[in-house]
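Here's the letter readout for the chains.
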Amino acid sequence: MTQPARFPLPESLQTMRNYVDGQFVATGKTFDDVSPLDGCVLGQVHEADTALVDRAVQAARRALEGPWGRMGVQERARLLYRVADVIERRFDEFIAAEVADTGRPLAQARALDVYRGIANLRTFADLGKVAHGDSFETQLANGQELMNYTVRKPLGVIASICPWNLPLLSMTWKAGPALICGNTMVVKPSEETPASATLLAEAFDEAGVPPGVFNLVHGFGPGSAGEAMTRHPGVDAVTFTGESRTGAAIMKAVADGVKDISFELGGKNAAVVFADCDFEAAVEGIVKSSFTNSGQVCLCSERVYVERTIFERFVAALKARTEALKVGWPDEDGVFMGSLISHEHRDKVLSYYRLAVQEGATVVTGGGVPKFSDARDHGAFVQPTIWTGLPDTARCMREEVFGPVCHISPFDSEEEVIARVNDTDYGLAGCVWTTNLQRAHRVSRQFHTGIVWVNTWFSRDLRTPFGGSRLSGIGREGGRYSLDFYSETTNICLAL
Ligand code: NAD
């Protein structure tokens, strides 16, 4: 599209460069950053080649062995606070960057994305200051006494590869703990969301963080910056958030170097609604957990199981509530959903909308593309969609769609529903809606997932563990779990 985007990037971001060794670096090759709202080109992104990734890794190594490595945790925390302060001061630019790149509502970018970006840096700066090791006093059979104690050291140079769905949130979720633990980083945002990443590099620069500590490279995955990072022998660990398939490819790439990995991958999450729930709260909860961010949150509920005695009433209420959701421009009053991230992703979501019908689904609402009769018709919008009638074996019940869609199935007993919830290749999150306290505890501990919410969804305390099992990931991040991943522990054993 040649006309100006309705939600443009701030002028300074119309050319987005890499940030390596404290310098903003242009390269000979650029790609377009495209608005998912109206298909307009927002700016040009300088793609990092293998040589630039190598420069970034070497700069990170020098910083690790130099000023950053020698700096105390208090000083590192002070600098992370300064980065957070810059984000807070440039709040509106970050909002504009996130909204332009992702097409999400302004209100969401304000309340969630940029706010959490700031909170991630401050929270981990605080937690890093109180991180401590263990000590063990030992007496051997021969009477010899020993003192064991552990010290934490940085893992080294961390490659951080991030997704497009929550760009600033994901980058800071990894940068906060990695940096407070004394590591240095090479960060790659998704090719779909270069803007807030470029601003984040500016924030690190403005805050006076030494060169080489935080490096940003733009580009794609295979054959581009992402693959160059994971294959680089100078990288000590990879932290990755994205699709399970990409996680598998990265695992192969790092296998020869036996590198540490932390993977936050996809989900096919279930929500269970019992007849004894607070009905209105459960309907509202499922609307949020299925359609927030146009369903592009790894934690979204794509499978909803509702106790048979309230099934028809629940489906009718959810349909009415979903049809009342406003889909539109990010700044419209009361807008709930924006576009999907891209036309390519919309093609994938729409292919599942078609597949569901082929697999025998009843489309309760949605299933297509909204018509606006303005520039949004060139955007990547889809309707929020509800299906019923699919067997648990259908592909639409087993594969992550990553769009605003849920399937509702009836169930008859606790035992039955727990088995169905766990009958999946994924293991990220689940929700239980009930007012029965014993049932809430009994059911939630039987979910094979890293997270279970009871009568809520997405509520997070950054100190709690976060992650998934099976295709949903490896390891836990959050609070001390992040500090443990981003530290190398040495045990020192002293004969007394
Ligand atoms: P993606 O896997 O397509 O891309 C993620 C990142 O990996 C991008 O930066 C991409 O350029 C890079 N990449 C792709 N192939 C690569 C390769 N071979 N080597 C190195 N890098 C490579 O994921 P996405 O589409 O950006 O994000 C959506 C997915 O992320 C969904 O599956 C979602 O569930 C998942 N996700 C999970 C969590 C979680 O915490 N579990 C959080 C957010 C998103």
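Residues numbered from 1 in each chain as written. Predicted model: local features only at pLDDT ≥ 70, side-chain atom pairs only at ≥ 80, totals over all residues. Heavy atoms only, no water.

## Topic: the nonpolar core
- Counting 107 residues, the largest nonpolar core has Val273 and Leu299 as its most contacted members.
- Looking at which element gives the most residues to this core, the answer is helix H5 (residues 106-129), with 10 residues.
- Among the nonpolar cores identified, the runner-up in size contains 28 residues, and Phe274, Leu355, Ala380 and Val443 belong to it. (Core = buried A, V, L, I, M, F, W, Y, C linked by side-chain atoms within 4.5 Å. Buried < 20%, exposed > 50% of the residue type's maximum accessible area, 1.4 Å probe, protein only. Helix = DSSP H or I, 4+ residues; strand = E, 2+ residues; numbered from the N terminus.)

## Quick notes on the sheet that holds strand E7 (residues 145-154)
- Strand order in this open sheet of 3 strands is E6-E7-E23, and the pairing throughout is antiparallel. Here the strands that pair on one side only, and so sit at the sheet edges, are strand E6 (135-139) and strand E23 (487-495). Averaged over neighbouring strand pairs, the angle between their axes works out to 25 degrees when direction is ignored.
- Here 5 bridges tie E6 to E7, and the two strands are oriented antiparallel to one another. (Pairing = 2+ DSSP bridges. Axes fitted to C-alpha atoms, helices over the stretch in contact; angles between N-to-C directions.)

## Digging into the site of the ligand
- Neighbouring the ligand are 28 residues, the closest being Cys162, Glu191, Thr246, Leu265 and Glu400.
- The contact in question runs from an oxygen atom of the ligand to an N or O atom on the backbone of Cys162, over 2.7 Å.
- In the model, an oxygen atom of the ligand is placed 2.9 Å from a nitrogen or oxygen of the Glu243 main chain.
- Protein contact buries 91% of the 850 Å² of open area that the ligand shows by itself.
- Among the elements of the structure, helix H8 (225-231), strand E11 (237-241) and helix H9 (244-255) are those that each provide at least two residues to the shell around the ligand.
- Tallied by class, the residues present in the shell around the ligand amount to 14 nonpolar, 8 polar and 6 charged. (Near = heavy atom within 4 Å. Polar contact = N/O pair within 3.5 Å; in protein donor to acceptor, adjacent residues only side chain to side chain. Areas by Shrake-Rupley, 256 points an atom, 1.4 Å probe, with all protein chains shown as cover. Nonpolar A, V, L, I, M, F, W, Y, C, P; charged D, E, K, R; others polar.)

## Some words on helix H15 (residues 437-444)
- Of all the positions in H15, only Arg439, Ala440, Val443 and Ser444 are classed as buried. Taken down its axis, H15 places every buried residue within 110 degrees of arc, on the same side. Projecting away from the buried face of H15 at angles above 90 degrees are the exposed residues Leu437, Gln438 and His441.
- As for H15, its buried residues are in contact with helix H14 (414-422), strand E20 (429-433) and strand E21 (451-454).
- The N-cap residue of H15 is Asn436: its side-chain oxygen and the backbone nitrogen of Gln438 are 3.0 Å apart. (Arc of directions from axis to C-beta. Contact = heavy atoms within 4.5 Å.)

## Comments concerning the packing of helix H6 (residues 167-180) against helix H7 (residues 195-206)
- One way to put it is that H6 packs onto H7 with a least axis distance of 10 Å and a crossing angle of 35 degrees. Relative to H7, the crossing made by H6 is right-handed. In this structure, H6 uses Pro167, Leu168, Met171, Thr172 and Leu179 to contact H7, whose residues at the interface are Ser196, Ala197, Leu200 and Phe204.
- Here the residues of the contact of H6 with H7 sort into 7 nonpolar, 2 polar and no charged. (Left-handed = near helix turned anticlockwise from the far one by under 90°.)

## Observations concerning the packing of aromatic side chains
- Taken as a whole, this structure holds 15 aromatic pairs when the rule is applied.
- Ring centres of Tyr19 and Phe24 lie 4.6 Å apart, and the angle between their planes is 40 degrees; on these two criteria the pair is classed as tilted.
- The class of Phe24 is partly exposed, set by a relative accessible area of 24%.
- Summarising the aromatic geometry, the rings of Phe240 and Phe263 are spaced 5.8 Å apart at their centres and angled 80 degrees between planes, so their arrangement reads as edge-to-face. Of the two residues, Phe240 is situated in strand E11 and Phe263 in strand E12 (residues 260-264); the sequence distance between them amounts to 23 residues.
- A relative accessible area of 2% places Phe263 in the buried class.
- Put simply, the rings of Phe124, Trp173 and Phe466 touch in pairs and so form one group of aromatic residues.
- Above the plane of the ring of Trp329 lies Arg6, whose end atom (NZ or CZ) is 4.6 Å from the centre.
- When the ring centre of Phe279 is taken as reference, the NZ or CZ atom of Arg313 above it lies at 3.7 Å. (Phe/Tyr/Trp six-rings, centres within 6.5 Å; stacked < 30°, edge-to-face > 60°. Lys NZ or Arg CZ within 6 Å of the ring centre and 35° of its normal.)

## Focus on helix H4 (residues 91-102)
- Between its terminal C-alpha atoms H4 stretches 16 Å, which fits the 16 Å expected from 12 residues at 1.5 Å a residue.
- Buried residues along H4 sit in contact with strand E4 (30-34), strand E5 (41-46), helix H3 (73-89), H5, H6 and H7.
- Positive phi appears at Gly103, one or two residues downstream of H4, with a value of about 75 degrees. (Expected span 1.5 Å × (residues − 1).)

## Section: the state of the cysteines
- Using the criterion set out here, one finds 0 disulfides in the structure.
- Of all cysteine sulfurs in the structure, the one in Cys300 sits closest to Cys431, which takes part in no disulfide; the separation is 9.7 Å. (Disulfide = S-S within 2.5 Å.)

## Some thoughts on the pairing of strand E19 (residues 405-411)
- The buried count for E19 comes to 6 of 7 residues, which makes it a mostly enclosed element.
- Two strands pair when backbone bridges link them, and strand E14 (residues 301-307) and E19 are joined in this way by 5 bridges, in the parallel orientation. For Val304, the partnering residue across the bridge sits in E19 and is Ile408.
- The pairing of strand E18 (residues 385-388) with E19 spans 4 bridges and is parallel. Across the sheet, residue Trp387 finds its bridge partner in E19, namely His407.

## Brief notes about the side chain of Asn165
- Within the secondary structure, Asn165 is located in the loop between strand E8 (157-161) and H6.
- For Asn165, the side chain forms a polar contact with the main-chain oxygen of Gln296, separated by 3.1 Å.

## As for unusual backbone geometry
- Of note, Asp21 is a non-glycine position whose phi angle comes to about 55 degrees, a positive value.
- Tracing the sequence through the fold places Asp21 in the loop between strand E2 (18-20) and strand E3 (23-25).
- Not every positive phi belongs to a glycine, and Asn293 is a case in point at roughly 55 degrees.

## Here's the deal with the confidence of the model for the protein
- Overall, the predicted model of the protein reaches an average pLDDT of 97, with 100% of residues at or above 70.
- Per-element confidence in the protein is highest for strand E10 (residues 214-216), whose mean pLDDT is 99, and lowest for helix H2 (residues 67-70), whose mean pLDDT is 91. (pLDDT = per-residue confidence, 0-100.)

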